[in-house]
Every structure is written in C-alpha cells, then in structure tokens.
Amino acid sequence: MPAANNITPTPELRTGRPGFLASGLGTALFSSAVFGLSGSFAKSLLEAGWSPGAAVTARLTGAALILALPAAFALKGRWHKLRDNWLTIVLFGLIGVAACQLFYFNAVARLSVGVALLLEYLAPVIIVLWLWAASRRRPRLLTAGGTLLSLAGLVLVLDLTGAVKVDLIGVLWGMAAAVCLAIYFFITARENDTLPPIVLASGGLMTGAAVMWLAAATGLLPMTFSAADTTLGPWTTPWWVSLAGLVVLATVLAYVSGIMAARALGSKVASFVSLTEVLFAVLWAWLLLGELPGAIQLLGGVLIVGGVILVRVDELRAAASPGEKGAGVTASPLEHANDVEPVP
C-alpha cells in the first residue's frame, strides 16, 4: 500500500456529493477487483512452467513500458523531480514492487492465492508488534485488540490442527512479503507531495524490472519461461493471455484506478476499500483456478481483515485527536496512507 504522496480529498468530496462519492467508491472497488486477479493469472503461468522470477519480471517490464508515456506526460518536462525523489523511487521499486511481488508469487506457487494474500496483509500487525517491542509502550486498546484478532486469524489460516495441509516454505514466503510491505510503510511514513503518483508507480516498476533482469543476468534469480498453454477456469488459453491479464488488468489498470480512487476519496479512505482485494482474490481464485481455502481458513481470513480494520480505525481516531497520539505507538507509519499500492 505505498507511495510517498498523500492527496487531500477534493472540496466536492468534503461537501458530500453522492454522485462523486459513489464514483470514487466504484473506482476503488474496481481497483481492488483487478488487483485481486494477479494471483490467479500468476498461478496459471506458474502451473504452465514459468518460474516466479520470470512471471514477476515479465509483469514489471510490460507494465513499466505501458506506463512510461503517461508518466512522462505527467512530469511535463519537470525531469528534476526524478532526481529530487530518486531514493523514494528506488526504494519503492526494490521493496514495494520487486521484493514484495517476488515473495508473493513464490508463496502463490506453494499456497492457495487467498492464503498467500492474507499472510501479506499481516503487515500492519507486524508494524504494531515491532513498534511495541522497540518503544516498550503498550499500543492503544483498539490497536491491541485488532492485533490479537489478526493473530488469532493467522492461527486459523495456517490451520495448525492439520485439517488442511499448509506448506511451511510457502508460509515463510508469504510472511516475507508482509515484512516487505511493513518496511515500505516505514519508508513512506513521511509525506512527500512533490512527485505525481503515476510517476512513482512507473519509476518503481522500471526500477523493479531492472533489478529483476540484473539478478537474472548474474545467475542469482532463476528465469524459466514457457510457451505452454495456461488454464483459466474452463478455458485453455495461450500463455500470452494470462500474461496480458497480469500486465494490463492486474498491474496497469490496477495502479491507475487505485491512484484515481485515492484522488477521489482521499488515500486513507481508499486504503480501507483496498482491503476488499482479499475477497476479490479469493473469488477469482475460486472461479479461475477452482481453489478455495477451507472453512476454517476463511474464518481466519475474516479475523485477519477485521483486525487490520480495527488497527486502521484506531489510527484515524488518533489522527483526528492529536492530543491522544502519545498514547499509541503506531501513528507514524500507519496514519500516513499512500496513493500508490505495492500489493501484488
């Protein structure tokens, strides 16, 4: 859920025009729906013989090329903005794009799409626990309750009773993706409104793609591509159909619509709506891959998302009451929402 930009809701939104608000919510839901497709498209490629590194690299490269032109237009010749924000772009590309997606795709290769994404969505909980340990100050009651609720959900998702077999390596990949997301929150906790969101998204994708190709050229990252057909639901399609869906729908349209939603609703409200991505990811995986988490895992997913919502609500309350900020330990990284998401 990244970007270094925080855009104040427009006057139209503050006056509460129903049409405009409905339009913003619709855009945010569309963004979550297409973002949720990434796991299904990626898994169809992985099952056809692609390596996770190859799928991520192809996704980043294709999306970066498509977004390059609109990003250049958004800069309007102000190329110095790239130089002034190079560190933000590089960190977003390395952590929020390349590492986060590579770890998530590795998790998807071993787990169901829904479980892999639920593990990544534990990032806010990781932040709360880290700040609690580092500052030795107890978080506010609502934040603590949300954290415990999400941890209880994690136990159910992992199904420690053994009713559903969960791959331990896949779990570690999913948690690694969550750690990357948490690190990104810390990096972008400071507001920076000097870089257009579309430029940050494009620059991050380019950086991530360059890093992936470099890792492949040095032999650090296995790259296996395949021309075998992929399977999506009842259809057998050429490999490029899944790749096109991964690049155009689950990346380009997802990022652009997410930025539009953040502009319309404000990035904090949009970040709440983005939690529906988990629901969409589970639905798409069911329809396109025929996989569905077990009943106990679905219950765990509800608890995880519910816990994250409680943590976010607490942060909004703290932001609205500055005098209470001292009582909490998570205000800095979580209260600043972002216009560009790093989610897979």
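Residues numbered from 1 in each chain as written. Predicted model: local features only at pLDDT ≥ 70, side-chain atom pairs only at ≥ 80, totals over all residues. Heavy atoms only, no water.

S.K.: Would you mind showing me how to read the packing of helix α3 (residues 38–47) against helix α6 (residues 86–108) here?
M.R.: The relative placement of two packed helices is expressed as an angle between their axes plus a distance between the axes. In contact at an axis separation of 10 Å, α3 and α6 are set at 65 degrees when each is read in the N-to-C sense. Crossing handedness for the pair α3 and α6: right-handed. Only Tyr104, Phe105 and Val108 of α6 make contact with α3, whose side of the interface consists of Ser38, Gly39, Ala42, Lys43 and Leu46. Looking at the contact of α3 with α6 residue by residue, the class counts come to five nonpolar, two polar and one charged. (Axes fitted to C-alpha atoms, helices over the stretch in contact; angles between N-to-C directions. Helix = DSSP H or I, 4+ residues; strand = E, 2+ residues; numbered from the N terminus. Left-handed = near helix turned anticlockwise from the far one by under 90°. Contact = heavy atoms within 4.5 Å. Nonpolar A, V, L, I, M, F, W, Y, C, P; charged D, E, K, R; others polar.)

S.K.: Even after reading the chapter, I still don't get the side chain of Ser257, so can you show me in this structure?
M.R.: Relative to the elements of secondary structure, Ser257 occurs in helix α12 (residues 239–265). Residue Ser257 is classed as buried on the basis of its relative accessible area, which comes to 5%. At 2.6 Å, the side chain of Ser257 forms a polar contact with the backbone oxygen of Leu253. Within the structure, Ser257 has its side chain in polar contact with the backbone oxygen of Ala254 (distance 3.2 Å). Ser257 has contacts with Thr27, Phe30, Ser31 and Val34, leaving out every residue within four places of it along the chain. (Buried < 20%, exposed > 50% of the residue type's maximum accessible area, 1.4 Å probe, protein only. Polar contact = N/O pair within 3.5 Å; in protein donor to acceptor, adjacent residues only side chain to side chain.)

S.K.: What is the right way to read the pattern of salt bridges from this model?
M.R.: Any two side chains of opposite charge can pair, given that their charged atoms come close. Applying the stated criterion to the full structure yields two salt bridges. The closest approach of N and O atoms between Glu291 and Lys43, which form a salt bridge, is 3.2 Å. Residue Glu291 is located in the loop between α14 (277–289) and α15 (295–320), and its partner Lys43 is located in helix α3; the two are separated by 248 residues in the primary sequence. Residue class for Glu291 comes out buried when judged on its relative accessible area of 15%. With a closest N to O distance of 3.3 Å, Asp167 and Arg110 form a salt bridge. On the criterion of sequence distance, the pair formed by Asp167 in the loop between α9 (141–158) and α10 (168–187) and Arg110 in the loop between α6 and α7 (113–120) is long-range, its members being 57 residues apart. Judged by its relative accessible area of 26%, Asp167 is partly exposed. Judged by its relative accessible area of 44%, Arg110 falls in the partly exposed class. (Salt bridge = Lys/Arg side-chain N within 4 Å of Asp/Glu carboxyl O.)

S.K.: So what exactly am I meant to see when it comes to the nonpolar core here?
M.R.: Side chains that are nonpolar tend, in soluble globular proteins, to be buried together. Tyr104, Leu119 and Leu205 are the most contacted members of the largest nonpolar core, which totals 71 residues. Residues contacting Leu119, with those up to four places away along its chain left out, are Leu111, Leu154, Leu158, Val171, Gly174, Met175 and Ala178. (Core = buried A, V, L, I, M, F, W, Y, C linked by side-chain atoms within 4.5 Å.)

S.K.: Just checking my understanding: could you explain the packing of aromatic side chains for this structure?
M.R.: Within a pair of aromatic rings, the relevant descriptors are the distance that separates the centres and the angle that separates the planes. If you walk through the whole model with that rule in mind, you get five aromatic pairs. Each ring, one from Trp50 and one from Phe225, has its centre 5.2 Å from the other, and the planes form 75 degrees; the classification is edge-to-face. One end of the pair, Trp50, is in the loop between α3 and α4 (52–75); the other, Phe225, is in the loop between α11 (197–217) and β1 (230–232), and 175 residues separate them in sequence. Taking the centre distance of 6.0 Å and the plane angle of 50 degrees together, the rings of Tyr104 and Phe105 count as tilted. Since its relative accessible area comes to 2%, Tyr104 is described here as buried. What links up through ring pairs into an aromatic cluster is the set Trp50, Phe225 and Trp239. (Phe/Tyr/Trp six-rings, centres within 6.5 Å; stacked < 30°, edge-to-face > 60°.)

S.K.: How should the confidence of the model for the protein chain be read in this particular structure?
M.R.: Regions with low pLDDT carry predicted coordinates that are not meant to be interpreted in detail. Overall, the prediction assigns the protein chain a mean pLDDT of 81, with 81% of residues at 70 or greater. Across the protein chain, the secondary-structure element scoring lowest on mean pLDDT is helix α1 (residues 11–14), at 43, and the one scoring highest is α3, at 95. When the criterion is pLDDT under 50, residues 1–18 qualifies, and its contacts beyond four places in sequence or with other chains add up to 67 contacts. Counted against residues more than four places away or in other chains, residues 325–331, with its pLDDT under 50, gives 24 contacts. (pLDDT = per-residue confidence, 0-100.)

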